[in-house]
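The chain contents come next:
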Amino acid sequence: KKVSLETLAKFIEAITLPKKHGKAHASWVDRKRLGKKWDSLTSFSGEMLSLLPILLCFLEQFDTPANAISDHVLCFQLLCTIVGILSLGPDDTIPYVSMLADVIAAHGALFVSLYGGFVKPKFHHLRHLPENISSLKKCISCFVTERKHRATKRAALFVFRHIDNTVIKTMVHNQCESFRDTGGASLFCAKRLVNAKLVQYGPVSLSWSKQALLLSGPVNVDDCVAFNSGDVGRVQGFWAFGENIVVEVLMYARDPHQQGVWRTHHNEVQHRVVEVDLIVDAVTYGPAGVDSIRVLLPPKLKFGF
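Thresholds applied
- Residues numbered from 1 in each chain as written.
- Predicted model: local features only at pLDDT ≥ 70, side-chain atom pairs only at ≥ 80, totals over all residues.
- Heavy atoms only, no water.
- Core = buried A, V, L, I, M, F, W, Y, C linked by side-chain atoms within 4.5 Å.
- Buried < 20%, exposed > 50% of the residue type's maximum accessible area, 1.4 Å probe, protein only.
- Helix = DSSP H or I, 4+ residues; strand = E, 2+ residues; numbered from the N terminus.
- Contact = heavy atoms within 4.5 Å.
- Phe/Tyr/Trp six-rings, centres within 6.5 Å; stacked < 30°, edge-to-face > 60°.
- Pairing = 2+ DSSP bridges.
- Axes fitted to C-alpha atoms, helices over the stretch in contact; angles between N-to-C directions.

Peer 1: Tell me about the nonpolar core, and name the residues and values.
Peer 2: Grouped together as the largest cluster of nonpolar side chains are 20 residues, with contacts concentrated most on I12, W28 and I54. Those elements giving two or more residues to this core turn out to be α1 (5–13), α2 (45–62) and α3 (70–86). The biggest single contributor to this core is α2, with 7 residues. With residues near it in sequence (within four places) discarded, W28 still touches I12, L17, K23, R33, L41, E47, S50, L51 and I54. Formed by 17 residues, the second largest nonpolar core is a distinct cluster that contains A212, L214, A240 and V276.

Written out as structure tokens, the structure is:
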């Protein structure tokens, strides 16, 4: 049965992304973005990366061993695995370089057999990634420098004279400010609360915040997060006592009958306080029936890295 673009758009619109990634929009798969021959997708890189796990979840719902699209789903799974390994970061990617090479080779062979007519000259560049990572001992991303463009444009806004001198001074000043340690908010802190408020409990002073900056990036109140134990819960707030930071979370119950589904009914939810070091990342999720959500686990848990 043919699946319409409208069905996919409704599926995407029902998805909730972590707050750091914004909102999912049906317009991400508008007809005008798919080219005249439906052979490409024009989009920003951030939207594309958010779409990958969503599309994989959508494809897996229709996949069965005897399904005609099984090879296509497998090819997309391999692509998501490649992106998942590369998203582990500059250091955590290193132990999986040999696995990355194998997955890239498998994806390339399957892609050529399925879509040989759409292979572009740059397709082979992907095969050089494991070699480059092994040589540098780091997985280098261009996203960090690309994001700096926004800071440059912001510094240049409403500057009409001596723009080069003004922009350079503004950016150097902002960079120095980010280095400065202001109440534990230094750029070099591996984890910290953002805009924390002081809460006094008798002789004990605690800090509370709606947002924490962790190794996985910013995590906010009402985000769903996955823990390295495989558990999933909704963030209620962050607490800090000295250098110790914990997260207050409503832990959901895993549905024993459906893989990837968690129960959110208040009778099945546990209120817990957990160390933030146990958080893998904030997760994307969508509805899966009454009092249930389907969670798209981060690559580290989904693919067993």
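Peer 1: Could you give an account of the packing of aromatic side chains, naming the residues involved and the relevant values?
Peer 2: Across all of its chains, the model carries 5 aromatic pairs by this definition. With 6.3 Å between their ring centres and 50° between their planes, Y201 and W239 make a pair best called tilted. Taken as a pair, Y201 in strand β2 (residues 197–201) and W239 in strand β7 (residues 232–241) lie far apart in primary sequence, 38 residues in all. Members of the aromatic cluster, each reached through a chain of ring pairs, are F111, Y115 and F123.

Peer 1: Please give an account of the sheet that holds strand β1 (residues 192–194) that cites residues and values.
Peer 2: Strands in a sheet are paired, the pairing made by backbone hydrogen bonds, and the direction either parallel or antiparallel. Taken in spatial order, the 3 strands line up as β1-β4-β5 in an open sheet, and their pairing is antiparallel. Where the open sheet ends on each side, the last strands, each with one partner, are β1 and β5 (217–220). Direction aside, the axes of adjacent strands within the sheet are offset by 30° on average.

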